[in-house]
Every structure is written in C-alpha cells, then in structure tokens.
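Summary of structural features
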Amino acid sequence: MSDPFTPPGSAPAQFDTAAAGGDPAGGRLADRDRPADEAPAPDATAALLPSRLRDFDNAQLGAIAHLYRGEVYRSTIWRTRLDNTTNWSIVMMGIALTSTFSSHTASALPLLVVGMLLLVFLVFEARRYRYFNVWRARARWMETHLYAPMLRGQPLDPAWRDVLAADYESPTHHISFAQALGRRLRRNFIWILGIQSVAYWGKIAIHPFPAQDIHDLIGRAAIGPIPGVIVLLAGLAYNGMWIGVALWSWRVDRARWGPDGGGGGMG
C-alpha cells in the first residue's frame, strides 16, 4: 500500500536497513515473518504512525489544531458566564444574610426572597451550561480521540471524525435542561441553598430570643396571613425538590457515563 504522505510520482521512503535491522531486500520488517504475539519494533511503530493519520495532511492537521484552540476558547468564555451567575447568587445571599442578622428584630423574609432569586439564577446558569457543554464536549472529544492516541502512538478510531463532523453539521445540546439543572445544583447551588436553609432556621430559632419549643418556630415563620406551618412545609418541599433533582441527575450521569465519567460519547 502506498504511503499517503508520499507526493504522487515519487518513490516511497525506505528504512536504512543497517539502522533499522529490517529486511535487507525491502528495507522494512516483513510482517509475515513476525510471530503473531510479537509487538512491532519501536522504529516500525513510528514508521506506521503516519498511516494512522492517513486522511489528514499537514495543512489539515494544522486546521484541526486551530479548531481545537477555538473550542477551548469558546468553552472558556462560557465558563466565565457560568461563574458570573454563581457570583450573583453568592452576592445576593450575602446581602440577605446581612439584612436578616443585622438586628434581633430584623425579619427573616429576605432569606425567603433570596430563595426565589436563587431559582432565577439557577435557571440562567443551567441554560448557559447547556451551551458551555457543547464547546467543552467537542474539545474533550478531540483530546481523547485524536491527541491522546497520537501521543501514545496508538491507532486512531476513524469513527471519532464522524461523530465530530455530525456535531458540526447538526449542532445540538448534548444534555437536557433538567440534567443541566441537576449538574449545576450538585456543583454549586445545592450548597448555597443549604446555607440559606440553615440561616433561616437559625434566624427563627434565636431571634428575637431563643425559641422554647416548636410552637415558637411555627409562630415566627408566619408571613402575614400565611400560617407558619404552611411556610415551613413549603420550604421543606422546595428544598426537597432540588435535592431530588440533584440525585436524579447524578443517577442519569452515572448510568450514561459510568462512575468515573469516562463515557464513549459527547456530553
């Protein structure tokens, strides 16, 4: 078979038989003379490596390198946008905590209002994460299916190009909005919501004076005409719902990608 990196009309390059220790007649180690369980010599493996990239010339490989840089750049930009929504959530939580604990007579209502704002920020972040995941998945795909095998001198699976090409021809989100919500909850927002919940229970437990029993907690949780028991049950359901979403997404990711997250597809 002709070497695809050899210009048309020119003779294929040959090994130096004295240096490579190959077949003096042909300049290459004859595969038919090698036992089935014997690995190719290092020089022979190095010589065969270009054939594993036989569909790409130097210019095309350079274009792929620039493509990879572009995907890394886009994923970095969208990762910055993810950090912005998380920062907004932390700032709003800090404002609510400062307002609520500024005085023993201050209301705990700001902690409830910030819970609704956290929901808005979580929706923003999940939507942004779906876009970030597209660029991240493409860059990671090239790292694991092109660059890593190339560095190890391993054969390339031709299917990786088809998957990447299909993703460029028909771009789509690799995960659902619900999965994105679950991932962002597990990474960031479940901890922010946890701080909010602990702070709220701490507020109604110690201010304006330490609660003596459950009736004090229920009375302090009341918001105008809404009984305290309704407010507390709604808060438990609200936080329980997000815990359920986080656990559900964790199970989906584990089933799809495995315990170590090393799945065979994008996403």
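One can find the structure itself at the top, above this paragraph.
It should be emphasised that the depicted structure is a prediction, and the values quoted were computed from it without experimental measurement.

With respect to the side chain of Glu 71
Mapped onto the elements of the fold, Glu 71 is located in helix H3 (residues 58-100). With relative accessibility at 1%, the residue Glu 71 sits in the buried group. Once residues lying within four places of it in the same chain are set aside, the contact partners of Glu 71 are Trp 135, Arg 138, Ala 139, Met 142 and Tyr 168.

A short note on unusual backbone geometry
Across the junction of His 207 and Pro 208, the peptide omega takes the value 0°, indicating a cis bond. Residue position: Pro 208 is located in the loop between helix H6 (177-206) and helix H7 (214-221).

Considering the environment of Pro 149
Turning to its location among the elements, Pro 149 is positioned in helix H4 (residues 109-152). With near-sequence residues (within four places) excluded, Pro 149 lies in contact with Glu 143, Thr 144, Gln 154, Pro 155 and Leu 156.

So, a nonpolar patch on the surface
Among the surface-exposed residues, Trp 201, Ile 226, Val 229, Ile 230, Leu 233 and Leu 236 lie close enough to one another that they form a single nonpolar patch of about 540 Å² accessible area. Here the element with the most residues in the nonpolar patch is helix H8 (residues 228-257); it accounts for four residues. Its location among the elements puts Val 229 in helix H8. In this structure Val 229 comes out as partly exposed when scored by relative accessible area, which is 38%.

What to know about the environment of Ile 190
As for its placement among the helices and strands, Ile 190 is situated in helix H6. Ile 190 sits in the partly exposed class, given a relative accessible area of 21%. In this structure, the C-alpha to C-alpha distance between Ile 190 and Ala 246, residues 56 residues apart in sequence, is 8.1 Å. If sequence neighbours within four positions are ignored, Ile 190 has contacts with Leu 185, Trp 242 and Ile 243.

Points about the packing of aromatic side chains
In the structure shown here, the tally under the stated rule is five aromatic pairs. A ring pair is formed by Trp 78 and Tyr 131, whose centres lie 5.1 Å apart and whose planes are at 20°; its orientation type is stacked. On the criterion of sequence distance, the pair formed by Trp 78 in helix H3 and Tyr 131 in helix H4 is long-range, its members being 53 residues apart. With a relative accessible area of 18%, Trp 78 lands in the buried category. For Tyr 131, a relative accessible area of 37% puts it in the partly exposed group. Considering the side-chain rings of Tyr 129 and Phe 132, the 5.7 Å spacing of their centres and the 45° angle between planes classify their relative orientation as tilted.

Cut-offs and rules
- Residues numbered from 1 in each chain as written.
- Predicted model: local features only at pLDDT ≥ 70, side-chain atom pairs only at ≥ 80, totals over all residues.
- Heavy atoms only, no water.
- Helix = DSSP H or I, 4+ residues; strand = E, 2+ residues; numbered from the N terminus.
- Buried < 20%, exposed > 50% of the residue type's maximum accessible area, 1.4 Å probe, protein only.
- Contact = heavy atoms within 4.5 Å.
- Patch = residues over 30% accessible without salt bridge, like charges linked within 9 Å, V, L, I, M, F, W, Y side chains within 5 Å.
- Areas by Shrake-Rupley, 256 points an atom, 1.4 Å probe, with all protein chains shown as cover.
- Salt bridge = Lys/Arg side-chain N within 4 Å of Asp/Glu carboxyl O.
- Phe/Tyr/Trp six-rings, centres within 6.5 Å; stacked < 30°, edge-to-face > 60°.

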